[in-house]
Amino acid sequence: MQDILQFILKNITTVPDDVKIDVQDEEGTSNYIVTVNPADVGRIIGKEGKIIKAIRTIMRVIAIQRGVHIRISVVSENEPPSPSVDSQPQDDGSITVEV
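Remarks on the overall build of the protein
Along the protein, the regular secondary structure elements total 3 helices and 5 strands. Reading the helices (α) and strands (β) of the protein from amino to carboxyl end gives α-β-β-α-α-β-β-β. Counting the 99 residues in the protein, one finds 35% classified as buried. Nonlocal contacts in the protein, meaning residues at least 24 apart in sequence, comprise 48% of its contacts between residues at least 6 apart. Of the roughly 6300 Å² that the protein leaves accessible, carbon and sulfur atoms contribute 49%.

Focus on unusual backbone geometry
Only a minority of non-glycine residues have a phi that is not negative, and only a minority of peptide bonds are not trans. Here the phi dihedral of E27 falls at roughly 50°; this positive angle occurs in a residue that is not glycine. By the element assignment, E27 lies in the loop between β1 (20-26) and β2 (29-36). The class for E27 is exposed, based on a relative accessible area of 86%. Phi is positive for E48, close to 55°, though the residue is something other than glycine. Inspection of the secondary structure puts E48 in the loop between α2 (41-45) and α3 (50-66).

Topic: the pairing of β2
Where burial is concerned, most of β2 is hidden: 6 out of the 8 residues are buried. When β1 meets β2, the two strands line up antiparallel, connected through 7 bridges. Across the sheet, residue D25 finds its bridge partner in β2, namely S30. Between β1 and β2, which pair antiparallel in sequence order, lie 2 residues; one of them, E27, sits at a positive phi of approximately 50°.

A look at the environment of I8
Here I8 shows up in helix α1 (residues 2-12). Taking C-alpha positions, I8 is 7.9 Å from I55, a pair spaced 47 residues apart along the chain.

Things to note about the confidence of the model for the protein
Residues shown with low pLDDT carry predicted positions that ought not to be read at fine detail. For the protein, the mean per-residue pLDDT works out to 82, and 78% of the residues sit at or above 70. Every residue in residues 79-87 scores below 50 in pLDDT, and together they form 14 contacts with partners more than four places removed in sequence or on other chains.

Description of the packing of α1 against α3
Following both chains from N to C, one finds α1 and α3 inclined at 165°, their axes separated by 11 Å at the closest point. Between α1 and α3, the angle is such that the two are roughly antiparallel. Where α1 crosses over α3, the handedness of that crossing is right-handed. Between α1 and α3, the contacting residues are I4, L5, I8, L9 and I12 on the first element and I51, I55, I58, M59, I62 and R66 on the second. Grouping the amino acids of the contact of α1 with α3 by side-chain chemistry returns 10 nonpolar, no polar and 1 charged.

The rules behind each value
Counting from 1, residues in each chain are numbered in the order their sequence is written. This being a predicted model, a pLDDT of at least 70 is required before a residue's local features are given, and a value of 80 or more before pairs of side-chain atoms are given or counted; all residues contribute to the totals for chains, interfaces and linings. Side-chain calculation: all heavy atoms of the structure are included, whereas hydrogens and water are not. Strands are runs of DSSP state E lasting at least 2 residues, helices are runs of H or I lasting at least 4, and numbering of each runs from the N terminus. When a residue's accessible area, from a 1.4 Å probe over protein chains only, is under 20% of the maximum for its type it is buried; when over 50% it is exposed; and in between it is partly exposed. Between two residues, a contact is recorded if the distance between any of their heavy atoms is within 4.5 Å. Areas reported as accessible are Shrake-Rupley estimates using a 1.4 Å probe. Residue values count occlusion only from the protein chains shown. Pairing between strands is defined by DSSP: at least two bridges between them are needed. Every residue is assigned a pLDDT by the predictor, reflecting its confidence on a scale from 0 to 100. Between N-to-C directions, angles cover 0 to 180 degrees, with each direction set by a line fitted to C-alpha atoms, over the stretch in contact for helices. Any angle between 65 and 115 degrees counts as roughly perpendicular, while under 35 counts as roughly parallel, over 145 as roughly antiparallel, and the rest as oblique. Crossings are assigned a handedness: left-handed for a near helix turned anticlockwise from the far helix by less than a right angle, right-handed for a clockwise turn. In this classification, the charged set is Asp, Glu, Lys and Arg, the nonpolar set is Ala, Val, Leu, Ile, Met, Phe, Trp, Tyr, Cys and Pro, and all remaining amino acids, among them Gly, are polar.

Next comes the structure, spelled out in structure tokens:
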């Protein structure tokens, strides 16, 4: 599943080499933490979150077929918090953006 997500994201972003996906398994759910270049966060989220919703829908269909639960979070390193986005600063200086 990580390969499919990476393929989708690398074809959307302007800096595909900066796409990193970390997988954390917690309580039966695989958390995919996507790190992209700060310039590409808007491309990944899209207007009104339409792009990330579409990506999550695709991944959810694949997860259902495989019988697993997933969650996708978008992270941008070195990006200042935006007042219009619900973001949480992390200890390593990155920002988790929940959409």
